[in-house]
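# Examination of the molecular architecture
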Amino acid sequence: LHHNFFKYRDITFYGIEGSLKYNRSPIQYSQIEMDLMVTQVAPSMLIQRLRSGRALDILVTHAPARGIHDLDDLPHQGFNAYLRFMNWFKPRYMLHGHVHTYDRRTVVETQYKETCVMNVNPVTLLEIEPE
C-alpha cells in the first residue's frame, strides 16, 4: 500500500511504510522525510475529499503516530507527521504495527479526534462498513 490508494467495497485505504530512522537499514525515515511524504499526498487527499466527502477511511502505517502507542526508545518512536495527517484528513481509522504488544493489558486502541488509532500487532480483526 505504500503511497497508494486502494478501494475495496467502497472503503478507501492509503499506506505509508517505514519506521523512524535509527540505523542504516532500509525503510527508515527521519521526521522531516515523513513530513514531506505526508505533505506530498495532500493534493490527492483533497481531491478525494471533494469527490466523496471523505479523504480516506483507513490509513495503514507501519509505525505509530508520535505519542499514541509509541515507546520512548528511538526504534519505536512514532511520527509527528501522522498526527498532522489525521488532523488534516480525518480518516476513520489509523492501523499501525511495529510496536509489539506481548502483554494484552497494553492499550492498543485510542481515539484521536475523529480517528480511531489501532495497534494491530500481532493480529486484529476489524469489521468495518462503508459510511
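Heads up: the structure comes first, above all this text.
Keep in mind that this is a model prediction, so the values were computed, not measured. (Residues numbered from 1 in each chain as written. Predicted model: local features only at pLDDT ≥ 70, side-chain atom pairs only at ≥ 80, totals over all residues. Heavy atoms only, no water.)

## Brief notes about helix α2 (residues 80–89)
Every α-helix carries 3.6 residues per turn, so stepping three or four residues along brings you back to the same face. Quick reminder of the rule: We call a residue buried when its accessible area falls under 20% of the maximum for its residue type, exposed when it is over 50%, and partly exposed in between, using a 1.4 Å probe and counting protein chains only. Here a helix means four or more residues in a row that DSSP labels H or I, a strand means two or more in a row labelled E, and each is numbered from the N terminus. Working rule for contacts: check all heavy atoms of both residues, and any pair within 4.5 Å makes them a contact.
Looking at α2, one finds that the buried residues are A81, Y82, L83, F85, M86 and F89. On its buried face, α2 is in contact with β2 (11–16), α1 (31–52), β5 (58–61), β6 (93–96), β7 (109–112) and β8 (115–119). Of the residues flanking the end of α2, it is K90, one or two places downstream, whose phi is positive at about 50°.

## Here's the deal with the pattern of salt bridges
Note the cut-off: One side-chain nitrogen of Lys or Arg within 4 Å of one carboxyl oxygen of Asp or Glu is enough to make a salt bridge.
Counted under the stated rule, the structure contains eight salt bridges. A salt bridge links D10 to K7; the shortest N-O distance between them is 3.8 Å. Comparing D10 with K7, the two get one shared label, exposed. R84 is the partner of D35 in a salt bridge, and the nearest nitrogen-oxygen pair spans 2.9 Å. Linking D35 in helix α1 with R84 in helix α2, this pair joins segments that are 49 residues apart in sequence.

## Observations regarding the packing of α1 against α2
What counts is decided by this rule: Helix axes are fitted only over the stretch in contact, all axes being lines through C-alpha atoms; the angle between N-to-C directions runs from 0 to 180 degrees. In these notes the angle categories are as follows: under 35 degrees is roughly parallel, over 145 is roughly antiparallel, 65 to 115 is roughly perpendicular, and the rest is oblique. Two helices crossing with the near one rotated counterclockwise from the far one by less than a right angle form a left-handed crossing, whereas a clockwise rotation gives a right-handed crossing.
Between α1 and α2, the least distance of the axes is 9 Å, while the angle of their chain directions is 15°. The angle between α1 and α2 places the two elements in the roughly parallel class. Our pair here, α1 against α2, has a crossing hand that is right-handed. Of the residues in α2, those in contact with Q31, M34, D35, V38, T39, V41, A42, M45, L46 and R49 of α1 are N80, A81, Y82, R84, F85, W88 and F89.

## Here's the deal with α1
So the rule is basically this: How far a helix is expected to stretch is found by multiplying one less than its residue total by 1.5 Å. Think of it this way: the bend at a residue is just the angle between two axes, each fitted to seven residues, one set ending at that residue and the other starting at it.
In this model, α1 (22 residues) spans 30 Å end to end at C-alpha, consistent with the 32 Å of a helix rising 1.5 Å per residue. The largest bend in α1 amounts to roughly 40° and is located at A42, with the proline P43 lying one to four residues further along. By the burial criterion, the buried members of α1 are M34, M37, V38, V41, A42, M45 and Q48. As for α1, its buried residues are in contact with β1 (5–8), β2, β4 (28–29) and α2. Taken from the residues just after α1, G53 is the one with a positive phi, measuring 90°.

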